[in-house]
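Breakdown of the fold
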Amino acid sequence: MAMVKVDDLGNGQLAFKTVSGDAWTTSLVCAPGQTRVVKMTGMMEIASTTEAGSVDTVEFTVKRT
């Protein structure tokens with residue numbers, strides 16, 4: 001389930017769970033003149049490769065045409 005948040009500037013952010021942990025968007029891009037999201041970038045938690053029981057974060061980008 002995704003949660004929509006709005007910051008103090010009115011910018012939206014999606015937060016959602018993945019099999020590896022929490023994820024959230026840092027940027028949503030809509031098609032010009034539309035509200036359809038065509039690109040999302042953000043951060044996702046993954047299991048740490050250096051410390052057992054810890055999590056690291058990695059960037060992600062999702063696009064659609």
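Below you will find a few notes about this structure. (Residues numbered from 1 in each chain as written. Predicted model: local features only at pLDDT ≥ 70, side-chain atom pairs only at ≥ 80, totals over all residues. Heavy atoms only, no water.)

**Some words on the pattern of salt bridges**
Between side chains of opposite charge, a pair can form when the charged atoms approach closely. This model, assessed by the stated rule, comprises 1 salt bridge. Across the pair Lys17 and Asp22 runs a salt bridge whose closest N-O atoms are separated by 2.7 Å. A relative accessible area of 28% places Asp22 in the partly exposed class. (Salt bridge = Lys/Arg side-chain N within 4 Å of Asp/Glu carboxyl O. Buried < 20%, exposed > 50% of the residue type's maximum accessible area, 1.4 Å probe, protein only.)

**Observations concerning the sheet that holds strand 5 (residues 55-63)**
An order of 1-2-3-4-5 is seen for the 5 strands of this open sheet, with the pairing classed as antiparallel. Edge positions in the sheet fall to strand 1 (3-6) and strand 5, since each of these pairs with one other strand and no more. Within the sheet, the average angular offset between the axes of one strand and its neighbour, ignoring direction, is 25 degrees. Bridge count between strand 1 and strand 2 (residues 12-18): 4 bridges; the pairing is antiparallel. Residue pairing for strand 2: Met3 is matched across the bridge by Ala15. (Pairing = 2+ DSSP bridges. Helix = DSSP H or I, 4+ residues; strand = E, 2+ residues; numbered from the N terminus. Axes fitted to C-alpha atoms, helices over the stretch in contact; angles between N-to-C directions.)

**Overview of the packing of aromatic side chains**
For any pair of aromatic rings, geometry is given as the distance between the ring centres together with the angle between the planes. The full count for this structure, using the stated rule, is 1 aromatic pair. With a centroid separation of 6.2 Å and 70 degrees between ring planes, the pair formed by Phe16 and Phe60 is classed as edge-to-face. Here Phe60 lies in strand 5 and Phe16 lies in strand 2, a separation of 44 residues in the sequence. (Phe/Tyr/Trp six-rings, centres within 6.5 Å; stacked < 30°, edge-to-face > 60°.)

**Things to note about the side chain of Glu45**
Of note, Glu45 is situated in strand 4 (residues 37-47). Of the side chains bearing the opposite charge, Lys17 lies closest to the buried Glu45, which forms no salt bridge; the N-O distance is 6.8 Å. When sequence neighbours within four positions are dropped, the list of residues in contact with Glu45 reads Ser20, Gly21, Asp22, Trp24, Val55, Asp56 and Thr57. (Lys, Arg positive; Asp, Glu negative; His and termini not counted. Contact = heavy atoms within 4.5 Å.)

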